[in-house]
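In case you want the letters, here they are:
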Amino acid sequence: MKPEEINSRIAALRDYMCSLGVEAAIIPQTDPHLSEYLADHWQVRRWLSGFTGSAGALVVTMQHAFVWADSRYWLQSAAQLKGTCIDVMEEGKPTVPTIEAYLRSNLPADSTVGIDGMLFSINATRDLRNQLAASGISLRVDFHPADTLWSDRPALPKDKVFVHEEKYAGESPASKISKILADAASQGADAVLISDLAEVAWTLNIRSRDVESNPVLTAYLYLSPKGSTLFLDLDKLTPEVSAHLAKANVTTLPYDEAMTTVVSTAHHNNAKVLLSSTQTAGAWLTALGANAVTGTSPVAMLKAVKNDTQIQGTRHAMERDGVALVRSFMEIEQTVAAGHKLTEIDVADILLKHRKAQDLFFDISFDTIAGFGPHGAIVHYSATPETNAEVTAGSLLLVDSGASYFDGTTDITRTIALGTPTDEQRLCFTLVMKGHIAIATSIYPEGTRGAQLDALARMPLWKYGMSYLHGTGHGVGHFLNVHEGPQSIRLNDTHAPLTPGMITSNEPGVYLSDRFGIRCENLVLTVPAMTTEFGNFYKFETLTLFPFDLKLFNTMLMSDEEIQWVNNYHDTVRQRLLPLLQPAEQEWLKNKTQPLSR
């Protein structure tokens, strides 16, 4: 997008602000369901700024404009905003203020800040209002610039909804609804409003294609013992889906009628409706008033803890994904060795080709990150025709990719050396792997949260004065969003204990700007380890099946136990994948999983 086009849009936004008496506007990267990944219709921040990262708010005053970008997007945001009137606030640096602190320091008392109340959670709206009020600044929550400024705004998606069969889901919608309502009752509510798109899809065992690489549908779900209602575009329904919903006593109404219907129903029945304070927009609390009860989502933990059917399905999906990865990396290596041209976009296309050939494939689970050389140091790099680098011998290739299969979701990162790696590259890779192994082999007591394990992954890097700023691990959905809560492994605490049945990523990394990046990622399943007089203890089962690059290990830096872990993991990869491969592929895998030794 051309800088002058962005500057024109910011100027139009300021005119709109003036017309409403708004001195500052905050445009977050989300939708009315507070999603991380968005349908094109909700990409307001991207349209205004040209910045395409999956997180980061745009803040515009009459004099300045900034995007607050976290460490994953520092380099990307600087490149995409170059030449525009928008500057980057590198969120997370000690000298960078929060949005609230910046506004309080730069706006006079009696100013007004405008937000769309459907794009901020109940908690976020309350906290923002309170912080601004402390400086005499008011908050306006009916600020909707896209409705006026974005004349060619894309419509909401029209893809049909389909049933995610119980043979993959492992539980019926009726059973899930019963558990959800029981949890709501324990929080003092008679009914529940589910806003989160993945929670709606999970509860009803339905999916769609409304968000790229995320098999969800745009909908609200109202659950009540007296009957439940799904609010969506009715044109997206099929007879099969309607019959499926009817079995769970779920009726349907148009998406645009969600708020008025839920509010009138709650008032008529004098019902208390549970709203997740972190996953529901603040506008819902205002609309429901005394009929609202704020609390925690009953769905989050139920969805995060996979049942036996989902776990077994994920194991099968990992085998098929492993086969696709073997074929993909063989082709990548052979293409480079033959001297044929290969680009970062070609790498993504190769992975898609081999994954699409697998049974039960639905889509990729996110846009593939294929970063060669310096591009690997951009944490969430996405190759474009303008940045698309040629992949050649002589540097590192970082590939972060995944797939959605009907029986499970995958997410894997591998960093490989094309040619002979340098001592610096082997050092950095080995330190990252030492952290990865520390997480993979950890044993921890019941109630442990990811933040309590996070330092295990960072310690080897810290000892060499290195680190990384992204989280070490995120939850992963089952044929749902590749990023899922409530658990994570990161420095800041999410207060969700790692519980048997949860699938979480294990992905430490290190990034040397303008040189290379390294990340090593597997998905792990929390399982019981032992019970002693001190209580229950848990550990991780590694689910992902694909080798790490043997050329990048410096075994002189590794303990015997760490070397043995790598060898045992590669033994498992061989045992699970060899029967599924052709002879030439088997030989390739055997070579890639030879034992490490000093």
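Remember, it's a predicted structure, so these values are computed and weren't measured experimentally. (Residues numbered from 1 in each chain as written. Predicted model: local features only at pLDDT ≥ 70, side-chain atom pairs only at ≥ 80, totals over all residues. Heavy atoms only, no water.)

A.B. asks: Before we move on, could you go through the pattern of salt bridges and cite the residues and values that matter?
C.D. replies: For the structure on display, the rule yields 30 salt bridges. Here R140 and D142 are joined by a salt bridge, their closest N and O atoms 2.6 Å apart. A relative accessible area of 39% places D142 in the partly exposed class. Between E165 and K167 there is a salt bridge, and its shortest N-O distance comes to 4.0 Å. On the basis of relative accessibility, which here comes to 42%, the residue E165 falls in the partly exposed class. Each of K303, K306 and E484 takes part in a single network of salt bridges with overlapping partners. (Salt bridge = Lys/Arg side-chain N within 4 Å of Asp/Glu carboxyl O. Buried < 20%, exposed > 50% of the residue type's maximum accessible area, 1.4 Å probe, protein only.)

A.B. asks: Break down the domain arrangement of the protein chain for me, with residues and values.
C.D. replies: For an interface, size is often stated in terms of accessible area lost upon the parts coming together. According to the domain assignment, the protein chain contains domain 1 (3-149), domain 2 (162-304) and domain 3 (308-587). Between domain 2 and domain 3, the residue contacts involve 21 residues of the former and 25 residues of the latter. Contact with domain 3 buries area across many residues of domain 2, yet Y168, S213 and A304 alone supply 32% of it, more than any other trio. The salt bridge partner of D363 is R209, with a shortest N-O separation of 3.8 Å. Linking domain 2 with domain 3 are five residue pairs in polar contact (both at pLDDT 80 or more). Of all the secondary structure elements, the ones that give two or more residues to the side of domain 2 that touches domain 3 are α7 (166-169), α9 (197-204) and α13 (298-304). (Domains from an automatic or database assignment. Contact = heavy atoms within 4.5 Å. Buried area = accessible area lost by both parts, 1.4 Å probe. Polar contact = N/O pair within 3.5 Å; in protein donor to acceptor, adjacent residues only side chain to side chain. Helix = DSSP H or I, 4+ residues; strand = E, 2+ residues; numbered from the N terminus.)

A.B. asks: Give me the lowdown on helix α3 (residues 74-81), citing residues and values where you can.
C.D. replies: All of the buried residues along α3 are W74, Q76, S77 and L81. Burial along α3 is one-sided: seen end-on, the buried residues are contained in an arc of 165°. On its buried face, α3 sits against α2 (44-49), β3 (65-69) and β4 (87-90). Count one or two residues on from α3 and you reach G83, which has phi positive near 85°. (Arc of directions from axis to C-beta.)

A.B. asks: Please provide a residue-by-residue account of the layout of surface pockets, values included.
C.D. replies: When its volume is computed, the second largest pocket comes out at roughly 450 Å³. P32, W42, D116, M118 and H144 are, among the 24 residues lining the second largest pocket, the residues nearest its centre. Counting only elements with at least two residues in the lining of the second largest pocket, the list comes to β1 (24-27), α6 (145-149) and α11 (258-269). Grouping the amino acids of the lining of the second largest pocket by side-chain chemistry returns 17 nonpolar, three polar and four charged. Taken domain by domain, the lining of the second largest pocket gets at least three of its residues from each of domain 1 (3-149) and domain 2 (162-304). (1 Å grid on protein atoms, 1.4 Å probe; cavity = no way out; pocket = protein on both sides within 12 Å on 5 of 7 lines; lining within 4 Å. Points joined across faces, edges and corners; volume = space filled by probe spheres on them. Nonpolar A, V, L, I, M, F, W, Y, C, P; charged D, E, K, R; others polar.)

A.B. asks: Explain the sheet that holds strand β13 (residues 273-276) to me, and be specific about the residues and the numbers.
C.D. replies: Here six strands make up an open sheet; going across it, the order is β12-β11-β10-β8-β13-β14 and the pairing mixed. Each having just a single partner strand, β12 (250-254) and β14 (292-295) make up the two edges of the open sheet. Averaged over all pairs of adjacent strands, the angle between strand axes in this sheet comes to 25°, irrespective of strand direction. The sheet contact formed by strand β10 (residues 220-223) and strand β11 (residues 228-232) spans three bridges and is antiparallel. From the neighbouring strand, Y222 faces β11, where its bridge partner is T229. Most of the contacts of α9 go to β10, to which it runs at about 55°, and overall it touches β8 (191-194), β10, β11 and β12. (Pairing = 2+ DSSP bridges. Axes fitted to C-alpha atoms, helices over the stretch in contact; angles between N-to-C directions.)

A.B. asks: Report on the packing of helix α16 (residues 423-440) against helix α18 (residues 560-577), specifying residues and quantitative values.
C.D. replies: It is the contact of α16 with α18, at a shortest axis distance of 10 Å, that shows an interaxial angle of 80°. It follows from the interaxial angle that α16 and α18 lie roughly perpendicular. For the pair α16 and α18, contact is made by M433, K434, H436, I437 and A440 and by E562, W565 and V566, respectively. Tallied by class, residues from the contact of α16 with α18 come to five nonpolar, one polar and two charged. (Parallel < 35°, antiparallel > 145°, perpendicular 65-115°, else oblique.)

A.B. asks: Could you give an account of empty space enclosed by the protein, with specific residues and numbers?
C.D. replies: By the definition in use, this model includes one cavity of 30 Å³ or more. What the largest cavity holds in volume is close to 70 Å³. If you go around the largest cavity, you meet 13 residues; those closest to its centre are L193, I194, E199, S276 and S297.

A.B. asks: Could you give me a rundown of the sheet that holds strand β18 (residues 403-405), with the residues and numbers involved?
C.D. replies: Read across the open sheet, the three strands follow the order β15-β18-β19; overall the sheet is antiparallel. Sheet topology places β15 (361-364) and β19 (408-409) at the edges, where each strand pairs with a single neighbour. Judged from the two bridges that link them, β18 and β19 form a sheet pairing that is antiparallel. By the bridge assignment for β19, S404 is matched with T409. On the sheet, helix α15 (residues 344-356) packs against β15 and β18 and is oriented at approximately 165° with respect to β15.

A.B. asks: Tell me about the nonpolar core, and name the residues and values.
C.D. replies: Counting residues in each nonpolar core, the largest one holds 79 residues, and the members touching the most others are F329, V347, L397 and I518. Ranked by the residues each element gives to this core, the list is headed by helix α14 (residues 308-337), at nine residues. In this structure, I177, A198, V200 and A219 belong to the second largest nonpolar core, which totals 33 residues. (Core = buried A, V, L, I, M, F, W, Y, C linked by side-chain atoms within 4.5 Å.)

A.B. asks: Lay out the environment of F540 in plain terms, naming residues and giving numbers.
C.D. replies: The residue F540 is located in strand β28 (residues 535-542) in this model. Sequence-wise, F540 and V524 are 16 residues apart; in three dimensions their C-alpha atoms are separated by 5.7 Å.

A.B. asks: Break down unusual backbone geometry for me, with residues and values.
C.D. replies: Of note, the amide linkage connecting G485 to P486 takes the cis form, showing an omega dihedral of 5°. As for its position among the elements, P486 is in strand β23 (residues 484-489). You will see that D110, though not glycine, has its phi angle at about 75°, which is positive. Relative to the assigned elements, D110 resides in the loop between α4 (99-106) and β5 (112-114). A positive phi is found at D514, a non-glycine position, where the angle reads about 70°.

A.B. asks: I'd like a description of the pairing of β12, backed by residues and values.
C.D. replies: With five bridges connecting them, β11 and β12 associate as parallel partners. By the bridge assignment, T229 is partnered in β12 with T251.

A.B. asks: Give me the lowdown on the packing of aromatic side chains, citing residues and values where you can.
C.D. replies: One pass over the structure, following the stated rule, counts 23 aromatic pairs. The structure contains a cluster of three or more aromatic residues connected by ring pairs, namely F162, Y168, F362, F406 and F479. The ring of W202 has K176 sitting right over it, with the charged end atom 4.1 Å from the ring centre. The lysine or arginine in question, R320, covers the ring of Y405, its NZ or CZ lying 5.1 Å from the ring centre. (Phe/Tyr/Trp six-rings, centres within 6.5 Å; stacked < 30°, edge-to-face > 60°. Lys NZ or Arg CZ within 6 Å of the ring centre and 35° of its normal.)

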